[in-house]
Amino acid sequence: MNEKRRARRLRVFNAIRKTPPEPLAPPDAHDQAEVAAMLRAIGIALVEVEQPTQLVEGRLLQIAAQYTTEPVRVVVLPTMLMIQVGNVGYEVDGSTHASLQLDMAGRIDDIASLAAVGAITPADAVAAIEAARTLRPRFGPVLTTIGYAVTTVGFGMVINPTWASLPGYLFLGLVVGGIVQLGRPFPGLNPMLPTLSATIVTALATWFVADTAHDGLLRVIAPPLVATLPGMALTIGAMELAASQIISGSSRLVYGMAQLALLVFGVALGVQIAGEVYPQSPSAQMGGWSLYVAIVVVAIGLNIYLSAPRRSLPWIIAAIAVALVGQSLAGTVMSAAHSGFVGAILVVPFSMVAARVKTAPSAIVMMLSAFWSLVPGALSFESVSQAASGGNIGVSSLGATGAAILSIALGTVVGWSVFHTIDARLPWPKGLAQPTVR
């Protein structure tokens, strides 16, 4: 009876999962220099789409095992990659470009998954990676800006769900989305964007939004500034420190804190220009249903703003729902600063399992969307910016900030470990998902 149940479960799972392809050739059938070039191309592309260095290193070693039996050495840093294959193949590359474009991240992840099972030649992998790194966003600047404004409304419904604030979120989201779009053709302006965005948003919120919304300045400006918040850098840095990647983790944390300081300076400058917003009675809340509407709104906005792959919207909605609902439920029994742990720990195995369904995008697409929805940097920005705008800040506020960042990072690490532990014990065949490289 157990064998029949096992066989039935195997047939059902194989019907919906993507089965791994076979290797094209045995190890050592490829030139070492070509293997090193492939590892360099895949590694630097994974770094550019915000993958933690320890995961990039692990994937490159897994890929190398499919193509060579020579010893392979890999050093991964946030802006540099060094590869050595045997005594012949040496590669060094660096990049200061980072992208959260979801279709690009998904394409690169698909190529890496093919290489992890030896199902693509090194030359084809390099060509596919080069094409993926130059992939243009699916939507133009106008639609992308609108998508960011929609995302801002969704985040506002999560952080501060009041009817009176919605028009303000939309207006400020359009402003910040426009500023981000103007900076893309001019990379040299990127260091100025956090300060510029925070200054303009603070001034506009003071003059036109805060008094109308009756929600105070900080709760109004936090959602539209999500694009410039260093939440991803701080979270990944914490993950790298947890994995003993001291150089990578500490450098990302320093970079994140510098970005945060620029935002705080922008808020302070905006307050000096526009004046202070005096304490107000808050507006009426929408109700508990607003969280579920916000999930859909955030998913639609991120689908456009981050250029998600085609037909991935239902899966993005599902991943964001897992993260936010898990975070909300955890908030009933633990502090808000720690509830992100539960959202992160749930979304990682969900994304990894869902990615095996034929119609699903890569797991990285769902996980990046979910991490954006957790808004790890919003709490830190709101706490620290209280000092800039005249509010009180103390050790408890800074402690809550650190706890929020570390809880999401720890939840990601635990979720990853739990998934691989369970996956190794399941009775169905193991293997990576079979992607399609277009």
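Notes on the structure in this doc start here.

Quick notes on the rules
Numbering of residues begins from 1 in every chain and follows the order in which that chain's sequence is written. With pLDDT at 70 or above as the cut-off, local features in this predicted model cover only qualifying residues; side-chain atom pairs require 80 or more to be listed or tallied, and sums for whole chains, interfaces and linings still use all residues. With hydrogens and water excluded, all non-hydrogen atoms of the structure serve as input to the side-chain values. Without a salt bridge and with relative accessible area above 30%, a residue can belong to a patch; like charges are then joined within 9 Å and nonpolar side chains (Val, Leu, Ile, Met, Phe, Trp, Tyr) within 5 Å. Note on areas: Shrake-Rupley, 1.4 Å probe, and residue coverage restricted to the protein chains presented here. A pair is scored as a salt bridge if a Lys or Arg side-chain nitrogen falls within 4 Å of a carboxyl oxygen belonging to Asp or Glu. The helix count covers DSSP runs of H or I at least four residues long, the strand count covers runs of E at least two residues long, and both are numbered beginning at the N terminus. Two rings belonging to Phe, Tyr or Trp (six-membered ring only in the last case) form a pair when the distance between their centres is within 6.5 Å. Interplanar angles under 30 degrees mark stacking, angles over 60 mark edge-to-face geometry, and anything in between is tilted. Only protein chains enter the area calculation, which uses a 1.4 Å probe; residues under 20% of their type maximum are buried, those over 50% are exposed, and those in between are partly exposed. Throughout, an axis means a line fitted to C-alpha atoms (over the contacting stretch in the case of helices), and angles, computed between N-to-C directions, take values from 0 to 180 degrees. Note on terminology: angles under 35 degrees are roughly parallel, angles over 145 are roughly antiparallel, angles of 65 to 115 are roughly perpendicular, and the others are oblique. Throughout, a residue-residue contact means that at least one pair of heavy atoms, one from each residue, lies within 4.5 Å. Throughout, a crossing is termed right-handed when the near helix is turned clockwise from the far one, and left-handed when it is turned anticlockwise from it by less than a right angle. Lys, Arg, Asp and Glu make up the charged group, whereas Ala, Val, Leu, Ile, Met, Phe, Trp, Tyr, Cys and Pro make up the nonpolar group; the residues left over, Gly among them, are polar.

Digging into a nonpolar patch on the surface
- On the surface, Phe171, Trp207, Phe208, Phe265, Leu269 and Ile273 cluster together into a nonpolar patch covering about 640 Å² of accessible area.
- Mapped onto the nonpolar patch, the elements with two or more residues apiece are helix 8 (193-213) and helix 11 (246-274).
- Among the elements that make up the nonpolar patch, the one with the highest residue count is helix 11 (three residues).
- Structurally, phenylalanine 208 can be placed in helix 8.

Quick notes on the packing of aromatic side chains
- Considering all chains together, one arrives at four aromatic pairs under this definition.
- Seen from their ring centres, tryptophan 163 and tryptophan 289 are 5.8 Å apart, and the 45° between their planes marks the pair as tilted. Here tryptophan 163 is found in the loop between helix 6 (141-159) and helix 7 (166-183), whereas its partner tryptophan 289 is found in the loop between helix 11 and helix 12 (290-305), with 126 residues between them in sequence.
- We classify tryptophan 163 as exposed; its relative accessible area is 52%.

Points about unusual backbone geometry
- In this model, serine 244 sits at a positive phi of 65°, which is unusual for a non-glycine residue.
- Position of serine 244 relative to the elements: it lies in the loop between helix 10 (231-242) and helix 11.
- Positive phi outside glycine occurs at serine 307, with the angle close to 50°.
- Secondary-structure assignment places serine 307 in the loop between helix 12 and helix 13 (313-330).

Focus: the packing of helix 4 (residues 102-116) against helix 5 (residues 122-133)
- Contact pair helix 4 / helix 5: the axes reach a minimum separation of 9 Å and the direction vectors enclose 175°. Relative to helix 5, the element helix 4 lies roughly antiparallel. In this structure, helix 4 uses Met104, Arg107, Ile108 and Ile111 to contact helix 5, whose residues at the interface are Ala125, Ala128, Ile129, Ala132 and Arg133.

Topic: the packing of helix 12 against helix 13
- Relative orientation of the contacting elements helix 12 and helix 13 amounts to 135°, with a least axis distance of 9 Å. The pairing of helix 12 with helix 13 is recorded here as oblique in orientation. Handedness of the helix 12/helix 13 crossing: right-handed. Between helix 12 and helix 13, the contacting residues are Leu291, Tyr292, Ile295, Val298, Ala299, Ile300, Leu302 and Asn303 on the first element and Leu313, Ile316, Ile317, Ile320, Ala321, Leu324, Val325 and Ser328 on the second.
- Taken together, the residues of the contact of helix 12 with helix 13 break down into 14 nonpolar, two polar and no charged.

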